[in-house]
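# Geometric and topological summary
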Amino acid sequence: MRFYLISDNIDTIVGMRLAGITGVLVHEDGEVRRALTEAMEMEDVAVILMTERLVKLCPELVYDLKLNRARPLIVEIPDRHGNGRAKDSITKYVRDAIGVKI
């Protein structure tokens, strides 16, 4: 089983390739959907890594696949521009979900 990367910038592709992770470079909504569909059909892929910017292009497809498919796991990763989350986003999620301030 292996990792597979779907990225919107070449720096992430190169960095992951140094770690032995192959992938594809895409930029537009149709390309992202096609790359994700193809990756989901690869029998030897256990984890699909996607940059946050690409997940935002087709969130309904990504979340549908996450909820309805057991394999492969889709993981959203930040790119070189950092992540779009607020610094206390996990704390906020816990507070909103269970009403406990930590």
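I will try to describe carefully the structure that is included in this document.

Definitions and limits used
- Residues numbered from 1 in each chain as written.
- Predicted model: local features only at pLDDT ≥ 70, side-chain atom pairs only at ≥ 80, totals over all residues.
- Heavy atoms only, no water.
- Buried < 20%, exposed > 50% of the residue type's maximum accessible area, 1.4 Å probe, protein only.
- Helix = DSSP H or I, 4+ residues; strand = E, 2+ residues; numbered from the N terminus.
- Pairing = 2+ DSSP bridges.
- Contact = heavy atoms within 4.5 Å.
- Core = buried A, V, L, I, M, F, W, Y, C linked by side-chain atoms within 4.5 Å.
- Axes fitted to C-alpha atoms, helices over the stretch in contact; angles between N-to-C directions.
- Parallel < 35°, antiparallel > 145°, perpendicular 65-115°, else oblique.
- Left-handed = near helix turned anticlockwise from the far one by under 90°.

Once that is clear, we can look at the pairing of strand β3 (residues 45-51). Counted residue by residue, β3 has 6 buried out of 7 residues, so it is predominantly covered. In the sheet, strand β1 (residues 2-7) pairs with β3 via 5 bridges, with the strands oriented parallel. If you follow Leu5 over to β3, its bridge partner there is Leu49.

Another point: the environment of Ile74. With respect to the helices and strands, Ile74 occurs in strand β4 (residues 73-77). Its relative accessible area of 6% is what places Ile74 among the buried residues. A C-alpha to C-alpha distance of 5.9 Å links Ile74 and Val47, two positions 27 residues apart in sequence. Not counting chain neighbours up to four residues away, the residues in contact with Ile74 comprise Leu36, Met40, Ile48, Met50, Val62, Leu65 and Lys66.

On to the nonpolar core. Counting residues in each nonpolar core, the largest one holds 18 residues, and the members touching the most others are Ile6, Leu36, Ile48, Met50, Val62 and Ile74. Among the elements of the structure, β1, α2 (29-41), β3, α3 (52-57) and α4 (59-68) are those that each provide at least two residues to this core. When neighbours within four sequence positions are excluded, Ile6 is seen to be in contact with Val24, Val26, Ala35, Leu36, Ala39, Ile48, Leu49, Met50, Thr51 and Leu54.

Below, the discussion takes up the side chain of Asp8. Note that Asp8 resides in the loop between β1 and α1 (10-18). Relative accessible area serves as the criterion here: at 10%, Asp8 is assigned to the buried category. The residues touching Asp8, leaving out its near neighbours within four places in the chain, are Leu25, Val26, His27, Thr51, Arg53, Leu54 and Asp79.

Where α2 meets α4, the closest approach of the two axes is 11 Å, and the angle between their N-to-C directions is 15°. When the axis of α2 is compared with that of α4, the two are roughly parallel. Regarding α2 and α4, the two cross each other, and that crossing is left-handed. For the pair α2 and α4, contact is made by Arg33, Leu36 and Met40 and by Glu60, Leu61, Val62 and Leu65, respectively.

Fair warning: the whole summary comes from geometry, so function is off the table for now.
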